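# Chain and residue survey
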Amino acid sequence: MNEFELIKKYFCDWDIGGAGGTRSDGTAVPQVSLGIGDDCALLNIPEGKHLAVSTDTFSEGTHFFKGTSPEAIGYKALAVNLSDLAAMGADPLGFTLALSLPDDNPAFLAGFSQGMHSLASKWRIPLVGGDTVRGALSVTITVLGAVADSEALRRDRAETGDSIFVSGPLGGAAYGVWARYRNISETPETRALFSRLDYPSPRLDLLPLLRLLGCRSALDISDGLLGDLSHILKASRKRAVINRKSIPCPEFPKEVPSEEQLKMILAGGDDYELLFTLSPENAERYKEMKRENPDLPVFYEIGSIHDCSSDFPEISFADSPDIPADIAGFTHF
C-alpha cells in the first residue's frame, strides 16, 4: 500500500461524530467542518472557549516495550494525549496522528487502528488529519480541545490552604514497567496492574464534577507524583505537605521490595490519574456531596498547599519524615 491507501483503509471510516455546539442564536454547529483529505482540517471552536492543544510522541523502547500489542499501542498513544485535555479541563474537539512505521504490516495496522478507534469512539473525538512515514515505530498525536478561561485547570492557580487530591491509586503502571524489565509474566493477580500500564483511563469523566467544585489547578500524573506535584508548586510558588499513608496504591505482589513499592507510588508515573487542588470550602463541599451520594467518584485527599518558606523543603511528609530525598519523577533527558 502507498501512504494514501494505508490512511484510507485503516483511518478514514471511523464515523466518530463529535458533540458539536450551538451559536448564540441557537443554530447547531458541527464540530468538524472539514476532516481528513485536504491540506488542513477545519474545526469549529465553541464561542467563548479557548483552543487547548497538546502534543505527545510515543516511541518504541522509550514509552512502550518492544512486543507490546498493537491494540495497546494505539489505545495508549491516544489515552496519554486525552489525559492532557482532562488535566487542562478541556472537552475534546479532534486529534491528528503522525505515524512512523517500519513497514505496512496489516496485522499491526488493524490492531493499532482498533485500539485507537475504541478510545476515540468512547470520548467522541474524531481523527481529523495527520501523516504516515516509513521509519522506526513512533506515534505522535496532537489533541485539540475547548475550555472556558474560568474552567481551565492551570498549574499556577494553587492557593495556600488548598487541599491536594488524587483521583485514583498510584504505582500500578510502574509495577508493570518493573515486571517487564525483569521478564515477570502477567498473572490473574497482576492483570489489573499491567492494564494500568497498557490501557490507562484518561479522567475526562471527572470534568463535570471538578467544574462543579470550582477546581482551578490540576495536572495528570505521567512522570510520578513527586515530580508532577513539583510542577504545580513551582508554577504557583507554593510548597506542599503530604501524608504518605493517605496516598492510594494497589496491592503489590509480595516479591516487590518495600523500597521499590515506595518508588512506584511516589515516582513511578504512567498512571494518568489527576492531581488537583480544592479550596477548603470546596474540599468540604465534595465530602458532603460524597456522603449524600456514595456513587460520586472517589477523590483521595493526600495533603495541603502552604506558603513557600526557606525553613521547609518544597515537598515534605507529615507522617513519614524518613522518606529518601533522592526519590524523583521520570525525566525525558
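The present account deals with the structure reproduced in this document. (Residues numbered from 1 in each chain as written. Predicted model: local features only at pLDDT ≥ 70, side-chain atom pairs only at ≥ 80, totals over all residues. Heavy atoms only, no water.)

## With respect to a nonpolar patch on the surface
Our working rule: For patches, a residue must show more than 30% relative accessible area and have no salt bridge; joins then use 9 Å for like charges and 5 Å for nonpolar side chains, namely Val, Leu, Ile, Met, Phe, Trp and Tyr. The method behind every accessible area is Shrake-Rupley, applied with a 1.4 Å probe, and residues are considered shielded solely by the protein chains displayed. We define a salt bridge as a contact between a side-chain nitrogen of Lys or Arg and a carboxyl oxygen of Asp or Glu at a distance within 4 Å. Helix numbering and strand numbering both begin at the N terminus, where a helix is a DSSP run of H or I of at least 4 residues and a strand a DSSP run of E of at least 2.
Residues I45, L51 and V53 make up a contiguous nonpolar surface patch of roughly 250 Å² in combined accessible area. Tracing the backbone through its elements, the reader meets L51 in strand 5 (residues 50-59).

## Quick notes on the packing of helix 2 (residues 70-88) against helix 3 (residues 106-123)
Formally: Angles run from 0 to 180 degrees between N-to-C directions of axes, and those axes are lines fitted to C-alpha atoms, restricted for helices to the stretch in contact. What makes a crossing left-handed is the near helix being turned counterclockwise from the far one by less than a right angle; a clockwise turn instead makes it right-handed. Note on contacts: a residue pair qualifies if any of its non-hydrogen atoms lie within 4.5 Å across the two residues. When residues are sorted by character, Ala, Val, Leu, Ile, Met, Phe, Trp, Tyr, Cys and Pro go into the nonpolar class, Asp, Glu, Lys and Arg into the charged class, and all the rest, Gly among them, into the polar class.
In contact at an axis separation of 6 Å, helix 2 and helix 3 are set at 35 degrees when each is read in the N-to-C sense. Considering how the two elements wind past one another, helix 2 and helix 3 form a crossing that is right-handed. The residues of helix 3 that touch helix 2, namely those facing P70, E71, I73, G74, Y75, A77, L78, A79 and L82, are F108, G111, F112, G115, M116, S118, L119, A120 and W123. Partitioned by chemical class, the residues of the contact of helix 2 with helix 3 number 13 nonpolar, four polar and one charged.

## Here we look at the side chain of R244
Put simply, the rule reads: Remark: exposure states derive from per-residue accessible area (1.4 Å probe, protein chains only) relative to the maximum for the residue type, with buried under 20%, exposed over 50%, and partly exposed in between. A positive count includes Lys and Arg, and a negative count includes Asp and Glu. His and the chain ends are not counted in either.
By the element assignment, R244 lies in the loop between strand 11 (238-242) and helix 8 (258-267). Lacking a salt bridge, the buried R244 has D319 as its closest oppositely charged neighbour, with an N-O distance of 6.9 Å.

## Re helix 5 (residues 191-198)
The cut-off we apply is this: Arc, as used here, means the arc of the directions from the helix axis to the C-beta atoms.
Of the residues making up helix 5, those classed as buried are L193, F194, L197 and D198. Taken around the axis of helix 5, the buried residues stretch over an arc of 135 degrees, which confines them to a single face. Tucked into the core, helix 5 has its buried residues touching helix 2 and helix 4 (172-181).

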